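Observations on chain architecture
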Amino acid sequence: MSLPDDSRYLRGGPVAQRIIAAVREDAAIATAEGFPPKLVSITVGDTAAVEVYVRNQRAKAALAGIEFEERRFPADITAGELEAAIHGLNADPRVTGIIIQRPVPAHIPIKTLQAAVHPLKDVEGMHPASIGNIVYNQLDLAPCTAAASVELLKETGLDLKGLEVVIVGHSEIVGKPIAFLLMSEGATVTVCHHMTRSVAAHARRADALFVAVGRPRLIKADMVKPGAAVIDIGINSEIGPDGESRIVGDVDTDSVKEVASWITPVPGGVGPLTVAILLRNTMVALSRQRALYQATYGVVDKLAAE
Ligand SMILES: NC(=O)C1=CN([C@@H]2O[C@H](COP(=O)(O)OP(=O)(O)OC[C@H]3O[C@@H](n4cnc5c(N)ncnc54)[C@H](OP(=O)(O)O)[C@@H]3O)[C@@H](O)[C@H]2O)C=CC1
Ligand SMILES: Nc1nc(=O)c2c([nH]1)NC[C@@H]1CN(c3ccc(C(=O)N[C@@H](CCC(=O)O)C(=O)O)cc3)C=[N+]21
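We now turn to the structure provided with this report. (Residues numbered from 1 in each chain as written. Chains lettered and ligands numbered in written order. Predicted model: local features only at pLDDT ≥ 70, side-chain atom pairs only at ≥ 80, totals over all residues. Heavy atoms only, no water.)

Points about the site of ligand 1
Definition in use: One heavy atom within 4 Å of a molecule or strand makes the whole residue count as near it. For the purposes of these results, a polar contact is taken to be a pair of N or O atoms within 3.5 Å, where, inside protein, one atom must be able to donate a hydrogen and its partner to accept one; residues adjacent in sequence count only when each atom of the pair is a side-chain atom. Method for areas: the Shrake-Rupley scheme with a 1.4 Å probe, in which residue coverage is limited to the protein chains shown. When residues are grouped by polarity, Ala, Val, Leu, Ile, Met, Phe, Trp, Tyr, Cys and Pro land in nonpolar, Asp, Glu, Lys and Arg in charged, and all others, Gly among them, in polar.
Ligand 1 sits among 21 residues. The nearest are Thr145, His170, Ser171, His194 and Thr274. Within the contact set of ligand 1, an oxygen atom lies 3.3 Å away from a side-chain nitrogen or oxygen of Thr145. Here an oxygen atom of ligand 1 and a backbone polar atom of His170 are 2.8 Å apart. Summarising the interface, the protein chains cover 70% of the accessible area of ligand 1, which totals 920 Å² for the free molecule. Looking at side-chain class alone, the shell around ligand 1 contains 10 nonpolar, 10 polar and one charged residues.

What to know about unusual backbone geometry
Threshold: The helix count covers DSSP runs of H or I at least four residues long, the strand count covers runs of E at least two residues long, and both are numbered beginning at the N terminus.
The linkage connecting Arg102 with the following residue, Pro103, adopts the cis geometry, with an omega of 0 degrees. Structurally, the position occupied by Pro103 is in the loop between β3 (97–100) and α4 (110–116). In this structure, Pro267 follows Val266 across a cis peptide bond, with omega equal to -5 degrees. Along the polypeptide, Pro267 turns up in the loop between β10 (262–263) and α10 (270–305).

Given below as C-alpha coordinates:
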(Lines give C-alpha, C1' and ligand atoms only; values in the text may rest on other atoms or scores of the structure.)
(Ligands and ions follow the chains in the order given, each with its own letter.)
Protein backbone atom coordinates (compact mmCIF):
# COMPACT_ATOMS: atom_id res chain seq x y z
CA MET A 1 0.00 0.00 0.00
CA SER A 2 1.40 3.42 -0.84
CA LEU A 3 0.82 6.30 1.53
CA PRO A 4 0.14 9.89 0.56
CA ASP A 5 3.21 12.10 0.77
CA ASP A 6 2.45 13.72 4.11
CA SER A 7 5.30 14.89 6.32
CA ARG A 8 3.24 14.02 9.40
CA TYR A 9 3.85 10.33 8.76
CA LEU A 10 6.76 8.86 10.67
CA ARG A 11 7.77 6.03 8.39
CA GLY A 12 9.79 3.09 9.61
CA GLY A 13 10.97 1.89 6.21
CA PRO A 14 13.83 4.34 5.57
CA VAL A 15 15.28 3.92 9.10
CA ALA A 16 14.91 0.14 8.75
CA GLN A 17 16.78 0.18 5.45
CA ARG A 18 19.73 2.00 6.98
CA ILE A 19 19.89 -0.48 9.86
CA ILE A 20 19.62 -3.50 7.58
CA ALA A 21 22.41 -2.19 5.35
CA ALA A 22 24.70 -1.90 8.41
CA VAL A 23 23.67 -5.35 9.66
CA ARG A 24 24.43 -6.79 6.24
CA GLU A 25 28.00 -5.49 6.42
CA ASP A 26 28.47 -6.84 9.96
CA ALA A 27 26.99 -10.22 9.02
CA ALA A 28 29.27 -10.53 5.99
CA ILE A 29 32.36 -9.81 8.10
CA ALA A 30 31.30 -12.22 10.87
CA THR A 31 30.59 -14.93 8.29
CA ALA A 32 33.97 -14.44 6.63
CA GLU A 33 35.60 -14.73 10.05
CA GLY A 34 33.88 -18.07 10.70
CA PHE A 35 30.95 -16.90 12.84
CA PRO A 36 27.89 -16.95 10.57
CA PRO A 37 24.77 -15.59 12.28
CA LYS A 38 21.74 -17.87 12.47
CA LEU A 39 18.41 -16.84 13.95
CA VAL A 40 15.82 -19.45 14.97
CA SER A 41 12.18 -18.42 15.48
CA ILE A 42 9.88 -20.47 17.68
CA THR A 43 6.15 -20.21 17.00
CA VAL A 44 3.55 -22.04 19.09
CA GLY A 45 0.05 -22.20 17.61
CA ASP A 46 -1.31 -19.59 15.15
CA THR A 47 -1.63 -15.81 15.57
CA ALA A 48 -2.14 -13.40 12.69
CA ALA A 49 0.33 -10.76 13.99
CA VAL A 50 2.99 -13.47 14.41
CA GLU A 51 2.47 -14.67 10.83
CA VAL A 52 3.15 -11.16 9.51
CA TYR A 53 6.19 -10.75 11.75
CA VAL A 54 7.75 -14.10 10.85
CA ARG A 55 7.17 -13.54 7.14
CA ASN A 56 9.04 -10.24 7.35
CA GLN A 57 11.79 -11.69 9.53
CA ARG A 58 12.46 -14.33 6.92
CA ALA A 59 12.51 -11.79 4.07
CA LYS A 60 14.74 -9.23 5.84
CA ALA A 61 17.11 -11.84 7.30
CA ALA A 62 17.70 -13.03 3.72
CA LEU A 63 18.48 -9.45 2.67
CA ALA A 64 20.89 -9.01 5.58
CA GLY A 65 22.71 -12.31 5.00
CA ILE A 66 21.47 -13.90 8.24
CA GLU A 67 20.36 -17.51 8.13
CA PHE A 68 16.77 -17.85 9.37
CA GLU A 69 14.95 -20.96 10.47
CA GLU A 70 11.38 -21.21 11.67
CA ARG A 71 10.38 -23.92 14.12
CA ARG A 72 6.62 -24.27 14.45
CA PHE A 73 5.01 -26.21 17.26
CA PRO A 74 1.33 -27.21 17.73
CA ALA A 75 -0.75 -25.27 20.28
CA ASP A 76 -1.17 -28.41 22.45
CA ILE A 77 2.57 -28.99 22.99
CA THR A 78 3.67 -29.13 26.65
CA ALA A 79 5.93 -26.57 28.27
CA GLY A 80 8.43 -29.36 28.98
CA GLU A 81 8.67 -30.35 25.32
CA LEU A 82 9.24 -26.74 24.32
CA GLU A 83 11.91 -26.24 26.96
CA ALA A 84 13.67 -29.35 25.68
CA ALA A 85 13.60 -27.93 22.14
CA ILE A 86 15.05 -24.63 23.40
CA HIS A 87 17.82 -26.43 25.30
CA GLY A 88 18.69 -28.18 22.05
CA LEU A 89 19.03 -24.81 20.31
CA ASN A 90 21.12 -23.43 23.20
CA ALA A 91 23.52 -26.34 22.82
CA ASP A 92 23.84 -25.97 19.03
CA PRO A 93 26.81 -23.69 18.31
CA ARG A 94 25.47 -22.92 14.82
CA VAL A 95 22.40 -21.22 16.33
CA THR A 96 23.39 -17.71 17.42
CA GLY A 97 19.95 -16.24 18.18
CA ILE A 98 16.58 -17.51 19.43
CA ILE A 99 13.28 -15.60 19.40
CA ILE A 100 10.08 -16.94 20.97
CA GLN A 101 7.11 -15.41 19.18
CA ARG A 102 4.38 -14.15 21.49
CA PRO A 103 1.73 -14.89 22.48
CA VAL A 104 2.07 -18.57 23.36
CA PRO A 105 -0.98 -20.64 24.41
CA ALA A 106 -2.24 -19.92 27.93
CA HIS A 107 -1.13 -23.30 29.38
CA ILE A 108 2.53 -22.46 28.72
CA PRO A 109 4.19 -20.10 31.22
CA ILE A 110 5.99 -17.61 28.96
CA LYS A 111 8.48 -16.60 31.65
CA THR A 112 9.69 -20.20 32.02
CA LEU A 113 10.17 -20.46 28.26
CA GLN A 114 11.96 -17.16 28.05
CA ALA A 115 14.18 -18.20 30.96
CA ALA A 116 15.10 -21.38 29.06
CA VAL A 117 16.75 -19.35 26.27
CA HIS A 118 20.46 -18.88 26.94
CA PRO A 119 20.94 -15.16 27.75
CA LEU A 120 23.72 -14.91 25.13
CA LYS A 121 21.28 -16.11 22.43
CA ASP A 122 18.38 -13.99 23.69
CA VAL A 123 18.00 -11.59 20.74
CA GLU A 124 15.04 -9.77 22.31
CA GLY A 125 16.56 -9.18 25.72
CA MET A 126 13.50 -10.88 27.23
CA HIS A 127 15.24 -13.40 29.51
CA PRO A 128 14.21 -12.36 33.04
CA ALA A 129 17.89 -11.60 33.72
CA SER A 130 18.39 -9.60 30.49
CA ILE A 131 15.29 -7.44 30.76
CA GLY A 132 16.85 -5.94 33.90
CA ASN A 133 19.59 -4.37 31.77
CA ILE A 134 17.27 -1.61 30.59
CA VAL A 135 16.43 -0.82 34.22
CA TYR A 136 20.18 -0.20 34.66
CA ASN A 137 20.28 2.08 31.55
CA GLN A 138 22.18 -0.50 29.50
CA LEU A 139 20.26 -0.12 26.26
CA ASP A 140 22.30 -1.80 23.51
CA LEU A 141 20.05 -4.89 23.30
CA ALA A 142 16.47 -3.91 24.14
CA PRO A 143 13.17 -5.60 23.21
CA CYS A 144 12.81 -4.87 19.48
CA THR A 145 9.37 -3.27 19.31
CA ALA A 146 10.08 -1.01 22.26
CA ALA A 147 13.41 0.06 20.75
CA ALA A 148 11.76 0.63 17.34
CA SER A 149 9.01 2.77 18.86
CA VAL A 150 11.47 4.96 20.74
CA GLU A 151 13.71 5.26 17.68
CA LEU A 152 10.75 6.54 15.62
CA LEU A 153 9.92 9.12 18.29
CA LYS A 154 13.53 10.31 18.05
CA GLU A 155 13.02 10.83 14.30
CA THR A 156 10.73 13.77 15.20
CA GLY A 157 13.69 15.64 16.66
CA LEU A 158 11.72 16.30 19.88
CA ASP A 159 13.87 16.68 22.98
CA LEU A 160 13.03 13.65 25.14
CA LYS A 161 14.28 15.32 28.32
CA GLY A 162 11.23 16.24 30.39
CA LEU A 163 8.87 15.29 27.55
CA GLU A 164 5.38 14.29 28.75
CA VAL A 165 4.90 10.77 27.41
CA VAL A 166 1.88 8.52 27.84
CA ILE A 167 1.99 4.81 27.03
CA VAL A 168 -1.26 2.88 26.63
CA GLY A 169 -0.64 -0.82 27.28
CA HIS A 170 1.85 -2.28 29.77
CA SER A 171 2.80 -5.68 28.38
CA GLU A 172 6.25 -6.95 29.28
CA ILE A 173 7.30 -7.06 25.61
CA VAL A 174 6.11 -3.57 24.57
CA GLY A 175 4.62 -1.09 27.08
CA LYS A 176 6.89 -1.74 30.06
CA PRO A 177 10.19 -1.72 28.14
CA ILE A 178 9.16 1.48 26.31
CA ALA A 179 8.62 3.09 29.73
CA PHE A 180 12.13 2.11 30.87
CA LEU A 181 13.80 3.20 27.62
CA LEU A 182 12.10 6.59 27.81
CA MET A 183 12.91 7.07 31.49
CA SER A 184 16.56 6.46 30.56
CA GLU A 185 16.23 9.31 28.05
CA GLY A 186 14.82 11.68 30.67
CA ALA A 187 11.14 11.65 29.67
CA THR A 188 8.31 11.88 32.20
CA VAL A 189 6.33 8.70 31.69
CA THR A 190 2.73 7.73 32.48
CA VAL A 191 1.65 4.15 31.79
CA CYS A 192 -2.05 3.30 31.23
CA HIS A 193 -3.70 -0.11 31.15
CA HIS A 194 -7.16 -1.64 31.34
CA MET A 195 -7.68 -0.50 34.93
CA THR A 196 -6.75 3.13 34.21
CA ARG A 197 -9.81 5.25 35.06
CA SER A 198 -9.62 7.55 32.06
CA VAL A 199 -7.14 6.68 29.34
CA ALA A 200 -8.46 9.70 27.41
CA ALA A 201 -7.67 12.15 30.23
CA HIS A 202 -4.06 10.93 30.37
CA ALA A 203 -3.65 10.63 26.61
CA ARG A 204 -4.78 14.22 26.03
CA ARG A 205 -1.88 15.51 28.15
CA ALA A 206 0.77 13.68 26.15
CA ASP A 207 3.37 15.34 23.93
CA ALA A 208 4.13 11.81 22.76
CA LEU A 209 1.56 9.01 22.88
CA PHE A 210 2.52 5.34 22.48
CA VAL A 211 -0.29 2.84 21.94
CA ALA A 212 0.15 -0.94 22.23
CA VAL A 213 -3.16 -2.56 23.13
CA GLY A 214 -4.39 -4.64 20.20
CA ARG A 215 -7.72 -2.82 19.62
CA PRO A 216 -8.37 -1.19 16.24
CA ARG A 217 -9.24 2.55 16.43
CA LEU A 218 -9.05 2.65 20.26
CA ILE A 219 -7.43 6.11 20.07
CA LYS A 220 -9.62 8.78 18.47
CA ALA A 221 -8.80 12.39 17.57
CA ASP A 222 -10.39 13.80 20.76
CA MET A 223 -7.93 11.77 22.88
CA VAL A 224 -4.87 13.41 21.31
CA LYS A 225 -3.24 16.74 22.20
CA PRO A 226 -2.87 18.99 19.16
CA GLY A 227 0.72 18.83 17.92
CA ALA A 228 1.52 15.54 19.67
CA ALA A 229 3.58 12.65 18.25
CA VAL A 230 1.56 9.43 18.07
CA ILE A 231 3.34 6.09 17.88
CA ASP A 232 0.89 3.37 16.89
CA ILE A 233 2.27 -0.06 17.72
CA GLY A 234 -0.89 -2.13 17.18
CA ILE A 235 -0.88 -4.82 14.50
CA ASN A 236 -4.46 -5.99 14.08
CA SER A 237 -5.81 -8.01 11.25
CA GLU A 238 -9.32 -7.14 10.09
CA ILE A 239 -11.52 -7.45 7.01
CA GLY A 240 -11.61 -4.16 5.10
CA PRO A 241 -14.58 -2.65 3.22
CA ASP A 242 -13.39 -4.47 0.08
CA GLY A 243 -13.75 -7.83 1.85
CA GLU A 244 -9.96 -8.33 1.89
CA SER A 245 -7.92 -8.91 5.05
CA ARG A 246 -5.80 -5.89 6.04
CA ILE A 247 -3.56 -4.72 8.89
CA VAL A 248 -4.58 -1.76 11.04
CA GLY A 249 -3.09 -0.28 14.20
CA ASP A 250 -4.71 0.80 17.47
CA VAL A 251 -5.15 4.44 16.37
CA ASP A 252 -7.88 5.90 14.20
CA THR A 253 -5.21 7.22 11.85
CA ASP A 254 -7.41 9.22 9.48
CA SER A 255 -8.90 11.42 12.21
CA VAL A 256 -5.85 11.55 14.51
CA LYS A 257 -3.65 12.63 11.60
CA GLU A 258 -5.56 15.92 11.51
CA VAL A 259 -4.66 16.68 15.16
CA ALA A 260 -1.21 15.18 15.64
CA SER A 261 2.01 16.66 14.26
CA TRP A 262 3.48 13.20 13.70
CA ILE A 263 1.91 9.76 13.40
CA THR A 264 3.29 6.34 12.54
CA PRO A 265 1.29 4.65 9.76
CA VAL A 266 0.22 1.01 10.02
CA PRO A 267 1.51 -0.72 8.02
CA GLY A 268 4.79 1.06 7.32
CA GLY A 269 5.56 2.49 10.76
CA VAL A 270 6.88 0.62 13.80
CA GLY A 271 6.60 -2.84 12.16
CA PRO A 272 9.41 -2.63 9.59
CA LEU A 273 11.73 -1.05 12.15
CA THR A 274 10.98 -3.82 14.67
CA VAL A 275 12.24 -6.38 12.16
CA ALA A 276 15.40 -4.37 11.46
CA ILE A 277 16.17 -4.02 15.16
CA LEU A 278 15.68 -7.76 15.66
CA LEU A 279 18.40 -8.33 13.05
CA ARG A 280 20.64 -5.72 14.66
CA ASN A 281 20.12 -7.40 18.05
CA THR A 282 21.03 -10.72 16.43
CA MET A 283 24.43 -9.24 15.58
CA VAL A 284 24.85 -7.79 19.09
CA ALA A 285 24.14 -11.25 20.54
CA LEU A 286 26.60 -12.82 18.10
CA SER A 287 29.36 -10.43 19.09
CA ARG A 288 28.77 -11.26 22.77
CA GLN A 289 29.10 -14.97 21.94
CA ARG A 290 32.32 -14.27 20.06
CA ALA A 291 33.69 -12.28 22.98
CA LEU A 292 33.00 -15.21 25.31
CA TYR A 293 34.55 -17.65 22.85
CA GLN A 294 37.65 -15.52 22.57
CA ALA A 295 37.87 -14.96 26.32
CA THR A 296 37.64 -18.73 26.84
CA TYR A 297 39.70 -20.16 23.98
CA GLY A 298 41.84 -17.12 23.22
CA VAL A 299 43.48 -17.57 26.60
CA VAL A 300 44.10 -21.25 25.84
CA ASP A 301 45.83 -20.28 22.59
CA LYS A 302 47.98 -17.76 24.40
CA LEU A 303 48.96 -20.29 27.05
CA ALA A 304 49.76 -22.83 24.37
CA ALA A 305 52.04 -20.33 22.62
CA GLU A 306 53.96 -19.47 25.79
N1 LIG B 1 4.63 -3.45 15.70
C2 LIG B 1 5.22 -4.39 16.39
O3 LIG B 1 6.38 -4.64 16.20
C4 LIG B 1 4.47 -5.11 17.45
C5 LIG B 1 3.13 -4.97 17.54
N6 LIG B 1 2.44 -5.58 18.53
C7 LIG B 1 1.01 -5.30 18.58
O8 LIG B 1 0.78 -4.39 19.65
C9 LIG B 1 -0.46 -4.67 20.27
C10 LIG B 1 -0.22 -4.96 21.73
O11 LIG B 1 0.63 -6.09 21.84
P12 LIG B 1 1.08 -6.69 23.25
O13 LIG B 1 1.64 -5.61 24.09
O14 LIG B 1 1.88 -7.87 22.96
O15 LIG B 1 -0.39 -7.13 23.80
P16 LIG B 1 -0.89 -7.63 25.20
O17 LIG B 1 -2.24 -8.20 24.94
O18 LIG B 1 0.14 -8.43 25.88
O19 LIG B 1 -1.05 -6.28 26.03
C20 LIG B 1 -2.08 -5.38 25.78
C21 LIG B 1 -2.02 -4.29 26.81
O22 LIG B 1 -3.11 -3.38 26.60
C23 LIG B 1 -3.78 -3.15 27.83
N24 LIG B 1 -5.19 -2.88 27.57
C25 LIG B 1 -6.15 -3.74 27.17
N26 LIG B 1 -7.31 -3.11 26.98
C27 LIG B 1 -7.09 -1.82 27.27
C28 LIG B 1 -7.89 -0.66 27.25
N29 LIG B 1 -9.17 -0.70 26.88
N30 LIG B 1 -7.33 0.52 27.62
C31 LIG B 1 -6.04 0.57 27.99
N32 LIG B 1 -5.22 -0.49 27.99
C33 LIG B 1 -5.74 -1.67 27.64
C34 LIG B 1 -3.57 -4.40 28.63
O35 LIG B 1 -3.68 -4.08 29.98
P36 LIG B 1 -3.96 -5.21 31.09
O37 LIG B 1 -2.76 -6.13 31.06
O38 LIG B 1 -4.04 -4.43 32.34
O39 LIG B 1 -5.21 -5.90 30.65
C40 LIG B 1 -2.15 -4.78 28.23
O41 LIG B 1 -1.21 -4.10 29.03
C42 LIG B 1 -1.05 -5.84 19.46
O43 LIG B 1 -1.85 -5.30 18.43
C44 LIG B 1 0.17 -6.51 18.86
O45 LIG B 1 -0.12 -7.22 17.69
C46 LIG B 1 3.06 -6.32 19.50
C47 LIG B 1 4.41 -6.52 19.45
C48 LIG B 1 5.18 -5.96 18.40
N1 LIG C 1 8.44 -12.17 20.95
C2 LIG C 1 7.76 -11.35 20.13
N3 LIG C 1 8.30 -10.17 19.78
C4 LIG C 1 7.64 -9.33 18.94
O5 LIG C 1 8.14 -8.23 18.62
C6 LIG C 1 6.38 -9.74 18.40
C7 LIG C 1 5.88 -10.99 18.81
N8 LIG C 1 6.58 -11.76 19.68
N9 LIG C 1 4.69 -11.44 18.34
C10 LIG C 1 3.97 -10.72 17.30
C11 LIG C 1 4.19 -9.25 17.41
C12 LIG C 1 3.83 -8.51 16.15
N13 LIG C 1 5.08 -8.03 15.63
C14 LIG C 1 5.25 -7.47 14.38
C15 LIG C 1 6.46 -6.95 13.96
C16 LIG C 1 6.62 -6.44 12.69
C17 LIG C 1 5.56 -6.44 11.82
C18 LIG C 1 5.74 -5.90 10.45
O19 LIG C 1 6.73 -6.10 9.80
N20 LIG C 1 4.75 -5.16 9.98
C21 LIG C 1 4.71 -4.59 8.66
C22 LIG C 1 3.65 -5.37 7.88
C23 LIG C 1 3.76 -5.27 6.41
C24 LIG C 1 3.13 -6.47 5.79
O25 LIG C 1 1.89 -6.48 5.67
O26 LIG C 1 3.86 -7.38 5.44
C27 LIG C 1 4.27 -3.13 8.80
O28 LIG C 1 3.69 -2.79 9.84
O29 LIG C 1 4.50 -2.38 7.85
C30 LIG C 1 4.33 -6.94 12.21
C31 LIG C 1 4.18 -7.45 13.48
C32 LIG C 1 6.08 -8.32 16.48
N33 LIG C 1 5.65 -8.99 17.53
